[in-house]
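Structural characterization, general
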Amino acid sequence: MNAVALLDYASVLVFALTGALVASRAQLDLVGFAFVACLTAVGGGTVRDLLLDRHPVFWVGEPTYVVIAASAALMVFFTAHLVESRYNWLIWLDSFALAIAVAAGTGVALTLDKPPVIVVLMGMTTGCLGGLMRDVVCNEIPLVLKQGELYVTCALVGSCVALVAHAQDLPQLTTLGLAALSCWGLRAGSLLFGWRLPVYKSRPPRDRS
Amino acid sequence: MNAVALLDYASVLVFALTGALVASRAQLDLVGFAFVACLTAVGGGTVRDLLLDRHPVFWVGEPTYVVIAASAALMVFFTAHLVESRYNWLIWLDSFALAIAVAAGTGVALTLDKPPVIVVLMGMTTGCLGGLMRDVVCNEIPLVLKQGELYVTCALVGSCVALVAHAQDLPQLTTLGLAALSCWGLRAGSLLFGWRLPVYKSRPPRDRS
Amino acid sequence: MNAVALLDYASVLVFALTGALVASRAQLDLVGFAFVACLTAVGGGTVRDLLLDRHPVFWVGEPTYVVIAASAALMVFFTAHLVESRYNWLIWLDSFALAIAVAAGTGVALTLDKPPVIVVLMGMTTGCLGGLMRDVVCNEIPLVLKQGELYVTCALVGSCVALVAHAQDLPQLTTLGLAALSCWGLRAGSLLFGWRLPVYKSRPPRDRS
């Protein structure tokens, strides 16, 4: 589980930075920063562990994760004003966090020998739910559901890549590395070059309640 | 658990359709459709299983559920433009999903010989939470809390009917069928004939922050 | 666990009152009141129990909790119109519920001999998440994240006080009492005298998507 633990640490750190940036957009105080950062950082992995009945939940068994998230929030609180566009930092850091968390999630499921569909779903859960909680709690438009941007798709592709690599008996580190790279590459392409899937086009919903 | 498993399959399918319809109103892409559909389809049952410490969670143990939900989303993605009023389809499909899920939830709790209050609460949880997650994530007005419409009430009544039928030692299929029918009938009556409970009337909250 | 159980009962009761008050602001019907009241009342403690793999979840093992929450909702439904400012009642009752729930959460974690960080986090989880669910579901501005008000901070302080008192081998009741008092005192000071931490000041986020 060594590689997976490392990925969990990394995704906690980066997701915490995104949470703190969202907190800065909501102009919260220091503790509010830490709260949103921790929620974002451990949210996805927590749901993954609960779904897989994996106890203790990763951060309950190893509180260091939470300390890292809180420290990241502290750092952002005092430095966020230095960056030109916090929103750009947010979406790019989020793209890294997504990629790392997807790898971590698939890694856990692969270590537990779960069936392919579950491996993919755990990758997507770990990758997407922390950010989703962050955005729902802070009333941001969830990045997960932002129109015409690839997000869940990147998590899906990354998880599938991990599956295939694992089936080729590649070493775990390679497997998870490929998963993270493919996920991040796709997300970056979507942000930079507007790669996207066709979205559903509807008439203006007159019928919207 | 046969009848209950069947109900779980049915509610997953129908809830997935409602999730995909909401995704179409949010103009998401294909993967976004699948994401919202799966969240809606398994959300309520997942909370039920976690609360009852029932592992593996129903769809983790049997990934077919998720495949069904994703396929339903795919179908809606390509056909939703054909329907005149997606919102009407949404509320009516949701009413069926609610009724089926309530029956499934009470069925599980009855099979586990839980006390009456828990049986009722599991029926309401399974029935209401998937749709609630769908609406919160997609920024819709939660159907659960729509003013002056019976929704949670239908789940409550359906669950209580299941309790009574079970106490009469009716066969499980009859018990759950009656629960679903009473729940759906009440919801349909509320939608068609405006059946409702008195709502709380307040002065305009000047004091609202 | 006696003192802790008492605190759980008390926080369930008071949180249920706040949930019902929010339901009254959303003009729901009687069952809607009960639904929001129960969600608010058991939300935080449920997450705590799931995270600690503590089964049965407190209200699943002892349904009385839910009966209490529903009765509180019933009472509010018929009496809320009598109060002058429901919002003031809401924030003050919420401050009591927060303090009691923080004590209950830390109490559980201390009884299970969890490490200090986890004790603090369980206090904050139990205290903050019920109200957060209430506000997210009902589209209120989450009290947890209200700008320039101490809220999460109070939960943090209360939990830390419990830790210190426990380290001094004070009796459990004293320990939890001090936790609740310090948490509530801080929250009250923030509401009455505007005590607060410096919030993050940002330029108007032109870059907000």
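Quick look at the structure, then. Everything numeric in this text was worked out from a predicted model, so none of it was measured.

Examining the relation of the copies chain C and chain A
When chain C is fitted to chain A, the residual RMSD is 0.0 Å, and the transformation amounts to a turn of 120° plus an axial shift of 0.0 Å. The two molecules are tied by a three-fold rotation axis, judged by turn and shift. Here only 6% of the interface residues in chain C have copies in chain A that are interface residues too; the copies meet through unlike faces.

Some details on the packing of aromatic side chains
Here the distance between the centres and the angle between the planes together describe a pair of aromatic rings. Throughout the structure, instances matching the rule amount to 27 aromatic pairs over all chains. With 5.7 Å between their ring centres and 50° between their planes, Phe33(A) and Tyr200(C) make a pair best called tilted. On the criterion of chain membership, the pair formed by Phe33(A) in helix α2 (residues 30-51) and Tyr200(C) in the segment after α8 (172-193) is interchain, its members lying in two chains. In terms of burial, Phe33(A) and Tyr200(C) fall into one category: buried. Arranged with centres 4.8 Å apart and planes meeting at 75°, the rings of Phe58(A) and Tyr65(A) form a pair that is edge-to-face. Among the aromatic residues, those joined into a cluster by ring pairs are Phe33(A), Phe77(A), Phe78(A) and Tyr200(C).

Focus on the interface of chain C and chain B
The partner chain B presents 34 residues to the 34 residues of chain C that form the contact. For the pair chain C and chain B, the summed buried area comes to about 3,000 Å², and 62% of that belongs to carbon and sulfur atoms. Taken together, the elements giving at least two residues each to the side of chain C that touches chain B come down to α1 (2-25), α2 (30-51), α3 (58-61), α4 (64-79), α5 (86-111) and α6 (116-137) of chain C. Ranked by the residues each element gives to the side of chain C that touches chain B, the list is headed by α2(C), at seven residues. Looking at the side of chain C that touches chain B residue by residue, the classes come out as 21 nonpolar, seven polar and six charged.

What to know about the interface of chain C and chain A
Contacts between the two partners involve 34 residues from chain C, matched on the other side by 34 residues from chain A. In this assembly, chain C packs against chain A so that about 3,000 Å² is buried in total across both faces, 62% of it on carbon and sulfur atoms. Summed over the shared surface of chain C and chain A, the result is zero salt bridges. For the interface between chain C and chain A, the tally reads three residue pairs in polar contact (both at pLDDT 80 or more). Counting residues per element, the ones that place at least two in the side of chain C that touches chain A are α2, α6 and α7 (152-167) of chain C. With eight residues, α6(C) is the single largest residue contributor to the side of chain C that touches chain A.

Looking at the pattern of salt bridges
Oppositely charged side chains can form a pair if their charged atoms are brought close together. Here the structure, examined in full by the defined rule, presents 24 salt bridges over all chains. As a salt-bridge pair, Asp49(A) and Arg48(A) come within 2.9 Å of each other at their nearest N and O atoms. Its salt-bridge partner being Arg25(C), residue Glu140(C) comes within 3.1 Å of it at the nearest N-O pair. Of this pair, Glu140(C) sits in the loop between α6 and α7 while Arg25(C) sits in helix α1, and the two are 115 residues apart along the sequence. Here the two residues Glu140(C) and Arg25(C) agree in accessibility, since each one is buried. Among the ionic contacts, a cluster of salt bridges with common partners joins Asp8(A), Arg48(A), Asp49(A) and Arg54(A).

How each quantity is defined
Residues numbered from 1 in each chain as written. Chains lettered and ligands numbered in written order. Predicted model: local features only at pLDDT ≥ 70, side-chain atom pairs only at ≥ 80, totals over all residues. Heavy atoms only, no water. Least-squares fit on C-alpha atoms with pLDDT ≥ 70 in both. Contact = heavy atoms within 4.5 Å. Phe/Tyr/Trp six-rings, centres within 6.5 Å; stacked < 30°, edge-to-face > 60°. Helix = DSSP H or I, 4+ residues; strand = E, 2+ residues; numbered from the N terminus. Buried < 20%, exposed > 50% of the residue type's maximum accessible area, 1.4 Å probe, protein only. Buried area = accessible area lost by both parts, 1.4 Å probe. Nonpolar A, V, L, I, M, F, W, Y, C, P; charged D, E, K, R; others polar. Salt bridge = Lys/Arg side-chain N within 4 Å of Asp/Glu carboxyl O. Polar contact = N/O pair within 3.5 Å; in protein donor to acceptor, adjacent residues only side chain to side chain.

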